[in-house]
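Working through the structure, step by step
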Amino acid sequence: MPLDHNNHQGKFGEAFVRAVAAASGLLVSQPDPDFDGVDFSLKYPGARGTKYLPQIDVQVKSWRRPTGPGESWAYPMKARHFQQLAGAFEIPRFLLLVVVPADVRAYTQADDECLRLHRACYWASFADVEPPWQLPGDTTVKVEVLKKNLLTAEALLGLILRPGAALEVP
């Protein structure tokens with residue numbers, strides 16, 4: 001029995017993020033269980049013996065019917081998921097929004113030169129946003145995800161190696 005459309009879409013979204021992380025040369029770990037809204041921890045491998053291994057935690061969402069005028073997507077997100085991203089954390093947290101084709105058969109295209117993953121991933125940080133704790137967890141909030149925040153291998157490294165996250169070598 002194949003996966004239903006939502007599970008298929010979610011698995012593809014996670015695989016998309018793993019592919020970008022692999023292209024970035026990052027280590028990927030997945031908490032088990034997903035208790036606090038972190039789907040993956042992405043870590044910079046660094047040199048042996050470094051004191052600090054920069055990393056970020058991410059929540060991955062996939063979306064097959066994107067909407068948003070102009071320069072941003074208007075993603076409808078459950079308040080409980082947003083609350084797991086909003087505010088400051090010791091390890092920075094990001095939303096990774098993977099926009100996927102509506103038809104699962106259009107997720108990939110392959111030939112002997114490449115494997116294409118169709119559509120794109122965008123990132124957003126809500127570190128400067130006060131979490132809306134008063135909202136019931138099943139309430140939907142619209143979050144803004146800038147279209148210019150395209151997740152590429154270079155952009156992902158930039159999120160991890162942000163100012164203040166420089167490696168310290170003993």
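Higher on the page you've got the structure.
Residues numbered from 1 in each chain as written. Predicted model: local features only at pLDDT ≥ 70, side-chain atom pairs only at ≥ 80, totals over all residues. Heavy atoms only, no water.

1. Describing the side chain of S72
Mapped onto the elements, S72 comes out in strand β4 (residues 72–78). Here the side chain of S72 touches E144 through a polar contact of 3.2 Å, side chain to side chain. With residues up to four places along the chain from it excluded, the contact list for S72 reads E144, V145, L146 and K147. (Helix = DSSP H or I, 4+ residues; strand = E, 2+ residues; numbered from the N terminus. Polar contact = N/O pair within 3.5 Å; in protein donor to acceptor, adjacent residues only side chain to side chain. Contact = heavy atoms within 4.5 Å.)

2. Brief notes about the environment of K78
As for its position among the elements, K78 is in strand β4. Distance from K78 to P2, taken between C-alpha atoms, is 26 Å for residues 76 residues apart in sequence.

3. Some details on the nonpolar core
Within the largest apolar cluster, 22 residues are counted, with the highest numbers of intra-cluster contacts made by L42, I56, V58, L151 and L156. For this core, the elements supplying multiple residues, two or more each, are α1 (5–24), β2 (40–43), β3 (55–63), β5 (93–99), β8 (120–124) and α3 (153–160). Per element, the largest residue contribution to this core is five residues, and it comes from α1. In contact with V58, other than residues within four places in its own chain, are G37, V38, D39, F40, L42, F94 and L96. Judged by nonpolar contacts, the second largest core, of 18 residues, contains M77, V99, Y122 and F126. (Core = buried A, V, L, I, M, F, W, Y, C linked by side-chain atoms within 4.5 Å. Buried < 20%, exposed > 50% of the residue type's maximum accessible area, 1.4 Å probe, protein only.)

4. Quick word on the sheet that holds strand β1 (residues 27–29)
Sheet strands line up and pair through hydrogen bonds in the backbone, either parallel or antiparallel. An order of β1-β2-β3-β5-β8 is seen for the five strands of this open sheet, with the pairing classed as mixed. The open sheet has two free edges, formed respectively by β1 and β8, since each of these has just one partner strand. Adjacent strand axes in the sheet meet at a mean angle of 30°, parallel and antiparallel pairs treated alike. The pairing of β3 with β5 spans seven bridges and is classified as parallel. What sits directly across from W63, in β5, is V99. Most of the contacts of α1 go to β3, to which it runs at about 140°, and overall it touches β1, β2, β3, β5 and β8. Packed on one face of the sheet, α3 meets β2, β3, β5 and β8 and runs near 135° to β3. (Pairing = 2+ DSSP bridges. Axes fitted to C-alpha atoms, helices over the stretch in contact; angles between N-to-C directions.)

5. As for unusual backbone geometry
Residues D32 and P33 are joined by a peptide bond in cis, for which omega reads 5°. Relative to the assigned elements, P33 resides in the loop between β1 and β2. One non-glycine residue, R119, lies in the positive phi region at around 85°. Counting through the fold element by element, R119 comes out in the loop between β7 (115–117) and β8.

6. Side note on the packing of aromatic side chains
Taken as a whole, this structure holds seven aromatic pairs when the rule is applied. Aromatic pair F12 and Y107: ring centres 4.3 Å apart, planes at 20°, arrangement stacked. One end of the pair, F12, is in helix α1; the other, Y107, is in the loop between β5 and β6 (108–110), and 95 residues separate them in sequence. A relative accessible area of 10% means that F12 is categorised as buried. Overall, Y107 belongs to the buried group, its relative accessible area being 3%. By the ring-pair criterion, three or more aromatic residues cluster together here, those being W63, W73, Y75 and Y122. The ring of F89 has R93 lying over it, and the distance from NZ or CZ to the ring centre is 4.1 Å. Positioned over the ring face of W73 is K147, at 4.4 Å from the centre of the ring. (Phe/Tyr/Trp six-rings, centres within 6.5 Å; stacked < 30°, edge-to-face > 60°. Lys NZ or Arg CZ within 6 Å of the ring centre and 35° of its normal.)

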